[in-house]
Amino acid sequence: MKPNHSDGVDPDAPQLLQPELYKLPAVEAAPRLLGQHLVRRTEDGDIRCRIVETESYGGAEDKGSHAYGSRRTARTEVMFSAGGAVYVYLIYGMYHCLNVVTAAQDEPHAVLIRAVEPLTERDAELMKAYRGVAVRKPSDLSGGPGKLCRALRIDKSLNHSRFDLPEGPLSIEQGEDPESLDIVQAPRINIPYAGEYAGRPWRFYLRGNPYVSVSDPQAQPHRLV
DNA sequence: CACGAGATCAGCT
DNA sequence: GCTGATCTCGTGC
């Protein structure tokens, strides 16, 4: 039995991420989302997992970004929302990718969530069931943007929802302090068309975490700014 | 383990 | 018509 507090607030209850993080440019928000807890509310119950790999897609100048040159289409429109919006899009005709929109309204920044780690065995079991494919190693379950969306049953119906609401289909809760984590940075995956932006070290992940999609031998330690 | 092909849709970057 | 912020399954070392 937990102690009863006079203010009625359970100090152990999960707290939503501080709203300031969503206001940051994507390249600053991306490493700070590592170690935070993504919550997916489904009919079968809540699934909680730790964010372990992210990529930054930063604004109108980034040739790797869907919103390069401030392109506004039905797909990219949500990127122009105020930070905290959910951006889900379809890739290669069959896979979904989950992004956290950041920065101010009309500044199209987004952080792609590339890998997550289930917090408990129960979370892992639910994710395996949704995944529907043989899972031989951790990264088979949720190491990769398409895999984690399948494992968390995320599709375009969640586009335009928000991460900063306590009862939404997706939210982000306060997890670990990013300062305490071993974060590395490396170039982003599969964007050779991005010209001089292709080599920018805008992928961030927890060194050695088995859920990370691709480990880069050239990855460098990242220092939070 | 390294590849290659196929699945299949939105936007033309 | 082609390509992509991908993944799975098959073949062949």
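The numbers attached to residues start from 1 for each chain and follow its sequence in the written order. The naming scheme follows written order: chains are lettered A onward, ligands numbered 1 onward. Confidence filtering applies because this is a predicted model: local features only for residues at pLDDT of at least 70, side-chain atom pairs given and counted only at 80 or more, and all residues used for totals across whole chains, interfaces and linings. Hydrogens and waters are ignored; side-chain quantities use all the structure's heavy atoms.

- Identification of chain A as Putative 3-methyladenine DNA glycosylase from Paenibacillus silagei is taken from an unreviewed UniProt entry.
- UniProt positions are given in the numbering used here, feature names are shortened, and annotations may be inferred rather than shown by experiment. UniProt lists a comment for chain A under the heading Sequence similarities (unreviewed entry), and it reads "Belongs to the DNA glycosylase MPG family."

Some remarks on the overall build of chain A
Okay, step 1: Secondary structure summary: chain A contains 5 helices and 9 strands in total.
Okay, step 2: Put simply, DSSP H or I for four residues or longer makes a helix, DSSP E for two residues or longer makes a strand, and each gets a number counted from the N terminus. Element order for chain A, N to C, with α for helix and β for strand: α-α-β-β-β-β-β-α-α-α-β-β-β-β.
Okay, step 3: Here chain A has a C-alpha radius of gyration of 17 Å; the compact-globule value for 225 residues is 17 Å, and the two agree.
Okay, step 4: With respect to the three principal axes, the spread of C-alpha positions in chain A is 60 × 40 × 35 Å.
Okay, step 5: Think of it in three bands: with a 1.4 Å probe and only protein chains considered, a residue is buried below 20% of the maximum accessible area for its type, exposed above 50%, and partly exposed in between. Residue burial in chain A is summarised as follows: out of 225 residues, 50% are buried.
Okay, step 6: By the convention used here, residues are in contact when the closest approach between their heavy atoms is within 4.5 Å. Residue pairs in contact within chain A that sit at least 24 positions apart in sequence constitute 62% of those at least 6 positions apart.
Okay, step 7: Accessible areas in this description were obtained via Shrake-Rupley with a 1.4 Å probe; residue shielding takes into account the shown protein chains only. Total accessible area computed for chain A in this model is approximately 11,100 Å², and 51% of it derives from carbon and sulfur atoms.
Okay, step 8: In this tally, Lys and Arg are treated as positive and Asp and Glu as negative; His is ignored, and so are the chain termini. To locate a charge, the coordinates of NZ of Lys, CZ of Arg, CG of Asp or CD of Glu are taken. With 27 positive and 30 negative side-chain charges, chain A shows a separation of 7 Å between the mean positions of the two kinds. Here the globule rule is a power law, 2.2 Å times the number of residues to the power 0.38, and the radius of gyration is based on C-alpha atoms.

Quick word on the packing of aromatic side chains
Okay, step 1: Between 30 and 60 degrees the pair is tilted, below 30 it is stacked and above 60 it is edge-to-face, where a pair is any two Phe, Tyr or Trp rings, Trp via its six-membered ring, whose centres lie within 6.5 Å. All chains considered together, the criterion is met by 2 aromatic pairs.
Okay, step 2: The interplanar angle of 40 degrees and the centroid separation of 5.3 Å between the aromatic rings of Y87 and Y89 together place this pair among those described as tilted.
Okay, step 3: Given a relative accessible area of 10%, Y89 falls into the buried group.
Okay, step 4: Both rings, one in Y197 and one in W202, keep their centres 6.1 Å apart while their planes meet at 45 degrees; by these two values the pair is tilted.
Okay, step 5: For Y197, a relative accessible area of 14% corresponds to the buried category.

Considering the pairing of strand β3 (residues 86-91)
Okay, step 1: Think of it this way: DSSP has to see at least two bridges between two strands before they count as a pair. When β3 meets strand β4 (residues 95-102), the two strands line up antiparallel, connected through 6 bridges. When the bridges of β4 are listed, I91 appears paired with Y95.
Okay, step 2: The hairpin formed by β3 and β4 contains 3 residues between the paired strands, and Y92 there has a positive phi angle of roughly 50 degrees.

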